[in-house]
Amino acid sequence: AQKITQTQPGMFVQEKEAVTLDCTYDTSDPSYGLFWYKQPSSGEMIFLIYQGSYDQQNATEGRYSLNFQKARKSANLVISASQLGDSAMYFCAMREGRQGAQKLVFGQGTRLTINP
Amino acid sequence: GAGVSQSPSNKVTEKGKDVELRCDPISGHTALYWYRQSLGQGLEFLIYFQGNSAPDKSGLPSDRFSAERTGGSVSTLTIQRTQQEDSAVYLCASSLVGTSVSKNIQYFGAGTRLSVL
């Protein structure tokens, strides 16, 4: 079974609108971390936001927020007031276990295009 | 440097040749990770290092792939007898490790694009 599922291969949004990118995950480990990365056309993976499984509040980082619904096993990324520079691939990833150095498992990604 | 550095940025090789890909992690990061990104398979984990040892090599696709890390810093990923299916972008990441650093965020380099002809 897929551990991380991103159901939107592509999204098109008008500039300045908010956008939600979906991510669902599957794990039986009570301790895990969820990450979102942005990959522009240059190729580098840029860390955006992190949510721990025991965190009581949804994570926020500037225009990025994470809508964490633990019971539904979803961790959707919300980008407010989208900008042209937000056009990129976005990947959701999960790290299982409490130990720090663990591999990330990635979803297939969503290609976001912001239209002027 | 400030970020993870990978070299070369692009590598074109002939089938059957050996290649070496290099990763220089963020200074002070004890954990180093290699991933592969290809069109058909998405982003796949290959191996990670804690210091100079590799506790998890589960993602290496075959015995043609090997990696080492020396001095707790630079790592080299070696692919022997390259095949066309090895063509991909190879990404390196590094992170801090510690129970108090719950995020242990992995920071990525720009990758090496490998093309096997």
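Scroll up for the structure.
As the structure is a computational prediction, the values presented were derived from the model and not from experiment.

J.: Now, about the overall build of chain B: what can you tell me, with residues and values included?
T.: Helices and strands together make up the secondary structure of chain B, namely zero helices and 11 strands. For chain B, the N- to C-terminal ordering of α and β elements is β-β-β-β-β-β-β-β-β-β-β. For 117 residues, the compact-globule formula gives about 13 Å, and the C-alpha radius of gyration of chain B, at 14 Å, lands near that figure. Projected onto the principal axes, the alpha-carbon positions of chain B cover approximately 45 × 30 × 30 Å. Here chain B, with 117 residues, has 46% of them falling under the buried criterion. The long-range fraction of contacts in chain B, counting pairs at least 24 apart against all pairs at least 6 apart in sequence, stands at 55%. Here chain B carries 11 positive and 10 negative side-chain charges, and the mean point of each set is 3 Å from the other.

J.: Which residues make up the interface of chain A and chain B, and what values go with them?
T.: As a measure of interface size, the accessible area lost when the parts come together is often cited. The partner chain B presents 22 residues to the 18 residues of chain A that form the contact. Summed over both sides, the interface of chain A with chain B buries roughly 1700 Å², with 57% coming from carbon and sulfur. Applying the counting rule to chain A against chain B returns four residue pairs in polar contact (both at pLDDT 80 or more). For the side of chain A that touches chain B, the secondary structure elements donating two or more residues are β5 (32–39), β6 (46–52) and β10 (88–96) of chain A. Among the elements that line the side of chain A that touches chain B, the one with the most residues is β5(A), at three residues. Taken together, the residues of the side of chain A that touches chain B break down into nine nonpolar, five polar and four charged.

J.: I'd like a description of the pairing of β10(A), backed by residues and values.
T.: Residues and elements named next belong to chain A. With respect to burial, β10 is a largely interior element, eight of its nine residues being buried. As defined by bridge partners, β5 adjoins β10 across eight bridges and the pair is classed as antiparallel. By the bridge assignment for β10, G33 is matched with R95. With two bridges joining them, β10 and strand β11 (residues 105–106) adopt antiparallel strand pairing. Note that in β11 the partner of A93 across the bridge is F106.

J.: Any chance you could break down the nonpolar core for me, citing the residues and the numbers?
T.: A:Y25, A:L34, A:W36, A:I49, A:L77, A:Y90 and A:L112 are the most contacted members of the largest nonpolar core, which totals 25 residues. Residue assignment for this core shows that the elements contributing at least two residues are β2 (10–14), β3 (19–21), β5, β6, β8 (64–69), β9 (74–79), β10 and β12 (110–115) of chain A. Among the elements that line this core, the one with the most residues is β10(A), at four residues. Non-local contacts of A:Y90, meaning those with residues more than four positions away in its chain, are made with A:Q6, A:L21, A:W36, A:Y37, A:K38, A:L48, A:L77, A:I79, A:G109, A:T110 and A:L112. Core analysis: the next-biggest nonpolar cluster, separate from the first, contains 21 residues, A:F35, A:F47, A:Y50 and B:L43 among them.

The rules behind the values
Residues numbered from 1 in each chain as written. Chains lettered and ligands numbered in written order. Predicted model: local features only at pLDDT ≥ 70, side-chain atom pairs only at ≥ 80, totals over all residues. Heavy atoms only, no water. Helix = DSSP H or I, 4+ residues; strand = E, 2+ residues; numbered from the N terminus. Rg over C-alpha atoms; globule rule 2.2 N^0.38 Å. Buried < 20%, exposed > 50% of the residue type's maximum accessible area, 1.4 Å probe, protein only. Contact = heavy atoms within 4.5 Å. Lys, Arg positive; Asp, Glu negative; His and termini not counted. Charge placed at Lys NZ, Arg CZ, Asp CG, Glu CD. Buried area = accessible area lost by both parts, 1.4 Å probe. Polar contact = N/O pair within 3.5 Å; in protein donor to acceptor, adjacent residues only side chain to side chain. Nonpolar A, V, L, I, M, F, W, Y, C, P; charged D, E, K, R; others polar. Pairing = 2+ DSSP bridges. Core = buried A, V, L, I, M, F, W, Y, C linked by side-chain atoms within 4.5 Å.

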